[in-house]
Amino acid sequence: MTETSVSAAKLTGFAAACLDKLGLAAADARLVAGTLVESNLRGVDSHGIVRLPHYAARLRNGTVKARPQISVRRSGPSTAVVEGDAGMGQLVAARAMQEAISLAKETGVGAVGARNSSHCGACAYYVELAVKEALVGVALTHTDAIMVPPGMKNIFLGSNPIAFGAPAGDEPPVIIDMSTTHAAWGKVIVARQEGKPVPPDWGVDSGGRPTTDASQVVGLAPTGGHKGYALALMIEILCAHLAGVPFGLHVTKMYAELDKPRDLGHFMLALDVARFTDPVAFRSQLDLLVREIRAQEPADPSRPPLAPGDPERLSAARRTQHGIPLPDNLLAELNALGHSLGVASL
């Protein structure tokens, strides 16, 4: 399958223009577009521009509101709850992390739950908001059921991701963003679009058997077996039960139930390093940690050790220079969307 490279600026402008036509306020359209293209730059194509047509479908049918009335209720000195009003998940999650940041600056800790939200994209974006304020950030969200836990034949939990960010000194921040399945469902979607096989430990078919055929994958395997399952369960409790929204098998399916609002929950945590230790020493020690990781003897000389966040930064540098590769079928889908909205083609 052939590809076409598109600059990040052009792709961001296209996505923002589409979202603007779909009813989002200009600033909100730019924020959502920026989160999508940032994922593409970082090499996380599963959470990038590939999601735009789906967002458009939900904005058009009203299961996601273009201009929600997002509200915040502070429930304690260090806690708050964000009501998302069925808005774009990126807007709700960003508002939740911004509130966590404000609370952390006031009291040292900010813990914020969000409810009545939708798919929020890659969680790295939200911990980076905290890191930019010299805070430690944690971002969690849940998804509709797609994980097949150990001992089960069918899906039961989502791929429930977790992201963590910590500010360093001279080194870039440590950014960790991962699903609790071997791969996010979006990566299966990308493999289907590109006609590529998937690794045998990614997912299972309708019979519960491992498969490399992306078109036959109906459920994903947890990372680390029962450990990934347990971690996903923890995230489910913090994002669903703590927010009072549907959980597990009761969560609206992202693609199969387009006529129903998602009503997803998020959980954001921000910590002021200075309330725990000297922030200068903290950042210095984090620099040392990252450098020692990279200095370790490699098992494979052609693949030196990398610190968390390094692969994404390398991808961003490469794609900033050479453009973001889009498979031809995705490019055609995006241009068809743009044409339907009166937006110039990529």
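For the structure, check the block above.
Here's what I pulled together on the structure shown here. (Residues numbered from 1 in each chain as written. Predicted model: local features only at pLDDT ≥ 70, side-chain atom pairs only at ≥ 80, totals over all residues. Heavy atoms only, no water.)

For the rest of this paragraph, the subject is the sheet that holds strand S10 (residues 219-220). An order of S9-S8-S10 is seen for the three strands of this open sheet, with the pairing classed as antiparallel. Among the strands making up the open sheet, the edge pair consists of strand S9 (210-211) and S10. As defined by bridge partners, strand S8 (residues 203-204) adjoins S10 across two bridges and the pair is classed as antiparallel. Across the sheet, Gly203 pairs through a bridge with Leu220, a residue of S10. (Pairing = 2+ DSSP bridges. Helix = DSSP H or I, 4+ residues; strand = E, 2+ residues; numbered from the N terminus.)

What follows is about the side chain of Glu257. Here Glu257 shows up in the loop between helix H7 (226-241) and strand S11 (264-272). A polar atom in the side chain of Glu257 sits 2.8 Å from the backbone nitrogen of Lys253. Once residues lying within four places of it in the same chain are set aside, the contact partners of Glu257 are Arg58, Val251 and Thr252. (Polar contact = N/O pair within 3.5 Å; in protein donor to acceptor, adjacent residues only side chain to side chain. Contact = heavy atoms within 4.5 Å.)

All right, on to the pairing of S11 then. Across the nine residues that make up S11, a large majority, seven, are buried. Bridge analysis of strand S4 (residues 109-117) against S11 gives seven bridges, and the strand direction is antiparallel. Within the sheet, the bridge partner assigned to Ala114 lies in S11 and is His266. The pairing of strand S5 (residues 135-141) with S11 spans seven bridges and is classified as antiparallel. In the sheet register, Gly137 faces S11, and the bridge partner there is Ala270. (Buried < 20%, exposed > 50% of the residue type's maximum accessible area, 1.4 Å probe, protein only.)

So, about the sheet that holds strand S6 (residues 162-166). Sheet strands line up and pair through hydrogen bonds in the backbone, either parallel or antiparallel. The strand order across the open sheet built from seven strands is S2-S3-S4-S11-S5-S6-S7, with neighbouring strands paired in mixed fashion. A strand with exactly one partner marks an edge of an open sheet, and here the two such strands are strand S2 (71-76) and strand S7 (174-178). Across the sheet, the mean angle from the axis of one strand to that of its neighbour is 15 degrees, orientation sign disregarded. Sheet analysis places S6 next to S7, joined by five bridges and oriented antiparallel. By the bridge assignment, Ala163 is partnered in S7 with Asp177. Packing against the sheet, helix H5 (residues 124-131) makes contact with S5, S6, S7 and S11, and its axis sits at approximately 160 degrees to S5. (Axes fitted to C-alpha atoms, helices over the stretch in contact; angles between N-to-C directions.)

With that out of the way, let us pick up the packing of helix H2 (residues 26-41) against helix H4 (residues 89-107). At a minimum axis distance of 9 Å, the contact between H2 and H4 shows a crossing angle of 95 degrees. The angle between H2 and H4 places the two elements in the roughly perpendicular class. Of the residues in H4, those in contact with Asp28, Leu31, Val32, Thr35 and Leu36 of H2 are Gln90, Leu91 and Ala94. Each residue belonging to the contact of H2 with H4 can be placed in one class, and the counts come to five nonpolar, two polar and one charged. (Parallel < 35°, antiparallel > 145°, perpendicular 65-115°, else oblique. Nonpolar A, V, L, I, M, F, W, Y, C, P; charged D, E, K, R; others polar.)

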